[in-house]
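# Residue-level structural notes
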Amino acid sequence: MIHIDQRTHTTQDGTTVIVLTPTGRLDITTAWQFRLKLQECISKLSHHVVVNLGQVNFIDSSGLTSLVAGMRDADKVKGSFRICNVHPEAKLVFEVTMMDSVFEIFETEEEALEGVPRSIAS
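Below, the structure is looked at part by part. (Residues numbered from 1 in each chain as written. Predicted model: local features only at pLDDT ≥ 70, side-chain atom pairs only at ≥ 80, totals over all residues. Heavy atoms only, no water.)

On to the packing of helix α1 (residues 31-45) against helix α2 (residues 61-76). The N-to-C vectors of α1 and α2 enclose an angle of 10 degrees; their axes lie 9 Å apart at closest approach. Relative to α2, α1 is oriented roughly parallel. Together, A31, F34, R35, L38, Q39 and I42 of α1 and S62, G63, S66, L67, A69, G70, D73 and A74 of α2 make up the contact between the two elements. Tallied by class, residues from the contact of α1 with α2 come to seven nonpolar, five polar and two charged. (Axes fitted to C-alpha atoms, helices over the stretch in contact; angles between N-to-C directions. Helix = DSSP H or I, 4+ residues; strand = E, 2+ residues; numbered from the N terminus. Parallel < 35°, antiparallel > 145°, perpendicular 65-115°, else oblique. Contact = heavy atoms within 4.5 Å. Nonpolar A, V, L, I, M, F, W, Y, C, P; charged D, E, K, R; others polar.)

See the structure below:
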């Protein structure tokens, strides 16, 4: 079982963003629950999601897959999918798999919420 904290944030321009903060391990035993949570949020609540990984100290390929699936879901509905605050232990996984170039990753939650997507910024 994975604990996922869920908050709603409204940006200055009135966009609703769902902030999800899972705690613990994002691995083969928990990734499916996280995947379902992402699906539910994107389809029912908001097309814009920020995933705060500050409390996730371990992530494996199934964890990454659930994040990729969430990003695809958001893309399909012209939403946004951002990751922030990646735990140092999990950061290596993103770098080794080159996923750090696939996702929009921000240092802090504030930057992820207010930040201009890097694809636009650069």
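Let us look at the nonpolar core. As a rule of thumb, soluble globular proteins bury nonpolar side chains together. Within the largest apolar cluster, 26 residues are counted, with the highest numbers of intra-cluster contacts made by V51, L53, L67, F81, I83, F94 and F103. Those elements that place two or more of their residues in this core are β2 (16-26), α1, β3 (48-52), β4 (56-59), α2, β5 (80-84) and α3 (88-96). By residue number, the principal contributor to this core is α2, which donates five residues. Within the second largest apolar cluster, seven residues are counted, among which are V17, V19, V50 and C84. (Core = buried A, V, L, I, M, F, W, Y, C linked by side-chain atoms within 4.5 Å. Buried < 20%, exposed > 50% of the residue type's maximum accessible area, 1.4 Å probe, protein only.)

Let's shift gears to the packing of aromatic side chains. All chains considered together, the criterion is met by two aromatic pairs. Seen from their ring centres, F81 and F103 are 6.2 Å apart, and the 40 degrees between their planes marks the pair as tilted. With F81 in strand β5 and F103 in the loop between α3 and β6 (104-106), this residue pair connects regions lying 22 residues apart in the sequence. Here F81 falls in the buried class, since its relative accessible area comes to 4%. Relative to F103, the ring of F94 lies with its centre 5.9 Å away and its plane at 75 degrees, an arrangement referred to as edge-to-face. Both residues of the pair, F94 and F103, belong to the buried class. Three or more aromatic residues link up through ring pairs in this structure, and these residues are F81, F94 and F103. The cationic tip of R25 hangs over the ring face of F58; the distance from NZ or CZ to the ring centre is 4.0 Å. (Phe/Tyr/Trp six-rings, centres within 6.5 Å; stacked < 30°, edge-to-face > 60°. Lys NZ or Arg CZ within 6 Å of the ring centre and 35° of its normal.)

Read these as geometric descriptors, not functional statements.
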